[in-house]
Every structure is written in C-alpha cells, then in structure tokens.
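Notes for the structure review
Okay, here's what each chain looks like letter by letter:
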Amino acid sequence: MATGGNPIFSGKNFREATQAPPAPQAPYGQNPYGQNPYGQNTYGQAPGQGGWNSAQQGMTQEQLQDLYNRPAAGPADIGRMTYDDVIVKTAGCLGILVVGAAVALAVPQGTGSMLMILGALGGFALAMVNTFKKQPSPGLILAYALLEGFFLGGLTRILDNLFPGVGIQAVVGTLSVFAVTLVLFKSGKVRATPKLMRFFLIAMIGYAVFALVNVVMMMTGAVNSPFGLSTSVEIMGIPLGVFIGFLAIGLAAFSLIMDFTSIEAAISAGAPQRFSWTAAFGLTVTLVWLYVEIIRLLAILRGDE
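Predicted, not measured: the structure shown is a model, and the values here were computed from it.

Further remarks concern the overall build of the protein. Across its full length, the protein carries 12 helices and 2 strands. Ordered by position in the sequence, the α and β elements of the protein form the string α-α-α-α-α-α-α-α-α-α-β-β-α-α. Residues classed as buried in the protein amount to 38% of the 305 residues present. Total accessible area on the protein is roughly 17,400 Å²; 66% of this is exposed by carbon and sulfur atoms.

As a further point, take the pattern of salt bridges. Within this structure, the stated rule accounts for 2 salt bridges. A salt bridge links Glu264 to Arg191; its shortest N-O distance comes to 3.5 Å. Residue Glu264 is located in helix 11 (residues 240-268), and its partner Arg191 is located in the loop between helix 8 (166-187) and helix 9 (194-219); the two are separated by 73 residues in the primary sequence. Its relative accessible area of 32% is what places Arg191 among the partly exposed residues. We note a salt bridge from Arg296 to Glu293, for which the minimum N-O separation is 2.9 Å. Separated by 3 residues within a single helix, Arg296 and Glu293 lie in helix 12 (residues 276-301), roughly one turn from each other. Relative accessible area serves as the criterion here: at 4%, Glu293 is assigned to the buried category.

Their axes nearest at 10 Å, the elements helix 9 and helix 11 cross at an angle of 135°. As summarised for this structure, helix 9 and helix 11 are arranged oblique, according to the angle between their axes. Both helix 9 and helix 11 take part in a crossing whose hand is left-handed. The segment helix 9 lies against helix 11, with Leu196, Met197, Phe200, Ala203, Met204, Tyr207 and Phe210 engaging Leu240, Ile244, Leu247, Ala248, Leu251, Phe254, Ser255 and Met258.

Quick look at the packing of helix 11 against helix 12 now. Relative to each other, helix 11 and helix 12 sit at 165°, their axes nearing to 9 Å. With respect to each other, helix 11 and helix 12 are oriented roughly antiparallel. Helix-helix and strand crossings are classified by hand; for helix 11 and helix 12 the assignment is left-handed. The residue makeup of the contact of helix 11 with helix 12, split by class, is 18 nonpolar, 5 polar and 2 charged.

Ranked by size, the top nonpolar core spans 63 residues in total, and within it Met81, Leu152, Leu155, Ile263, Leu290 and Ile295 carry the most contacts. Put simply, the parts of the chain that give this core at least two residues each are helix 1 (7-10), helix 5 (83-106), helix 6 (109-132), helix 7 (138-162), helix 8, helix 9, helix 11 and helix 12. No other element matches the 16 residues that helix 12 contributes to this core.

Here Val99 shows up in helix 5. Expressed as a C-alpha distance, the spacing of Val99 and Gly149, which sit 50 residues apart in the sequence, is 6.9 Å.

Moving on: a nonpolar patch on the surface. A cluster of nonpolar side chains, namely Ile96, Val99, Val103 and Leu146, defines an oily patch on the protein surface of about 260 Å² accessible area. The element that contributes the greatest number of residues to the nonpolar patch is helix 5, accounting for 3 residues. Looking at the element boundaries, Leu146 is found in helix 7. Using a relative accessible area of 31% as the deciding quantity, one classes Leu146 as partly exposed.

Attention now goes to the confidence of the model for the protein. Low pLDDT marks stretches whose predicted atomic positions should not be read closely. For the protein, per-residue confidence averages 80 on the pLDDT scale, and 73% of positions sit at 70 or higher. Every residue in residues 22-26 scores below 50 in pLDDT, and together they form 3 contacts with partners more than four places removed in sequence or on other chains. The low-confidence segment residues 48-52 (pLDDT under 50) makes 8 contacts with residues lying over four places distant or belonging to another chain.

About the thresholds
- Residues numbered from 1 in each chain as written.
- Predicted model: local features only at pLDDT ≥ 70, side-chain atom pairs only at ≥ 80, totals over all residues.
- Heavy atoms only, no water.
- Helix = DSSP H or I, 4+ residues; strand = E, 2+ residues; numbered from the N terminus.
- Buried < 20%, exposed > 50% of the residue type's maximum accessible area, 1.4 Å probe, protein only.
- Areas by Shrake-Rupley, 256 points an atom, 1.4 Å probe, with all protein chains shown as cover.
- Salt bridge = Lys/Arg side-chain N within 4 Å of Asp/Glu carboxyl O.
- Axes fitted to C-alpha atoms, helices over the stretch in contact; angles between N-to-C directions.
- Parallel < 35°, antiparallel > 145°, perpendicular 65-115°, else oblique.
- Left-handed = near helix turned anticlockwise from the far one by under 90°.
- Contact = heavy atoms within 4.5 Å.
- Nonpolar A, V, L, I, M, F, W, Y, C, P; charged D, E, K, R; others polar.
- Core = buried A, V, L, I, M, F, W, Y, C linked by side-chain atoms within 4.5 Å.
- Patch = residues over 30% accessible without salt bridge, like charges linked within 9 Å, V, L, I, M, F, W, Y side chains within 5 Å.
- pLDDT = per-residue confidence, 0-100.

Right, here's the structure in full:
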C-alpha cells in the first residue's frame, strides 16, 4: 500500500484495518484446526464418516448437490469493502459537496462569504477529526463534504466575479484531471513507485514551505498582491504562481494515484466494508485540493484582465 501521501490512507488506523491477516500456522508436528493425521476417524466414528458434521449427515443427496452448486459468497456478502462501495460513497460525498456549493452560490454575497469562512474553518476541523478517528463516521464525513461545499462555493463566487467563467473552467479541469489519472492508473502506465514517492515527498515539503512563507508575507503586508509571491514575483515574465500552480496540480494528481493504490490494496486485503467511507473521504479531500489549485492557477493566468 502506498504510504507517505494522503494522510488519511497512510495513517495508522486505515493501514491496520486494511492489512490482510496472516494465514494461521499450526505448531510443528501438529495438524491445523484439530484435524486427525492421515484422515483417520475419531473414536466411535464409522469409516467413511470423517469430516461430516451432523448437519451434513441429515441432508439428502439432492440438498447437498444444491448446496455445492450455489455461487460462492462475494466480498459484499461477507461485509468486505468493494469498488462499488467506494464509488457509491464517494458519489454521495461529492453530491453533498455540490449541494453545499450551490447554497453558497445562491445566498446573498455577504452570507456566502460567511459560509465560505465557516466552511474553511469547520472543514479543516472535521478533516482532522475524521483523519485521526479510529472508526469512520459517515455523519462526520458527510458533514465535512457539506462544509467544503460552502468553502468552494464561496471561493468560486468571489473568483468568478473577478474572472467570469473561471468556476466552470475549474470544474471541467478537475474532472478532466481525475478522469485521465484514473485511466492511466487502470492501464498500469502510472504507478506509485518508490522513486516517485520520494520525489512526491520532497516536492510536497517544498510546496508547504512556499505556501507558509507566502501566507506570512501576505499577513505582514510584505507583499500586496492578492496571491502574494505567486503574482508579485516573475520568472522570464511569467508569474511564479504559474509554475507553483502546475507543480501543485501535478502533486494533487499523483496523490490521486496513491489514493487509488491504497484503495486497491485495501480491497485486495479484504478490508471491512465500513472503511469504504474512509476511502470516499480520502478521495474527496484530494479532489477538493485539486479543484482549489486549478481555480487558483486559472485566476493567476487571467490576472491581467
């Protein structure tokens, strides 16, 4: 399982819950599960009856044949995580997120700004709670999606007023990156290899340091640009934010690859069905990050309008 990317998937709780249990080993010289050596019958049991329990002995030949002809139980039948579970729950989270965004876009401007602040702070708090919570809570995960919808709706409203059309462009861009990333992952052309993981970690540290410095300089008034160093510093006439934006989108896209890898490993290991909520939460977090980076890059590119 890919670790070191999305903290939701690389955290201790998800990893422990989705690890395949080791196969039981019998002590040396003993037969597993109390079986008799060489197929011998237990005391008082007639020959030919070894391995038959009382329920089987009372069944007719037709009943036994019907029992053997039944299809084997699938993962969903035994309470295990499946791809369908992850898809349905992720769609539910994104649906709630869209509802929250629609509310923030429909209310008056002042109320929308308040909802954006509430969504940013509340979403961050619930993200921390859901990340470190030992067992996934569907209610808290859906509440996170709603708050993030408030935040994204308010942010989109502000930027779309400044640069008309940037919101729909960001939605299309996010869906496009997600679709391309999924296709590349399913085809096996892109995988979370150890070398790429090291590059991702180094790039994430550099990006986090830049973001922190940028926020501090904006708060202290060292730079007056709306996006801080992203637009006040240029390289060969191109705003620094363009380079940082493409890097951030690449990091978010690779984070999706690691999310897919973790989900695939969890399903192969027979993870409990309830952890499909954790998978949906992790994908939602990454998609929110991807959307924010795309809409910010689009706004920087259109900053001279």
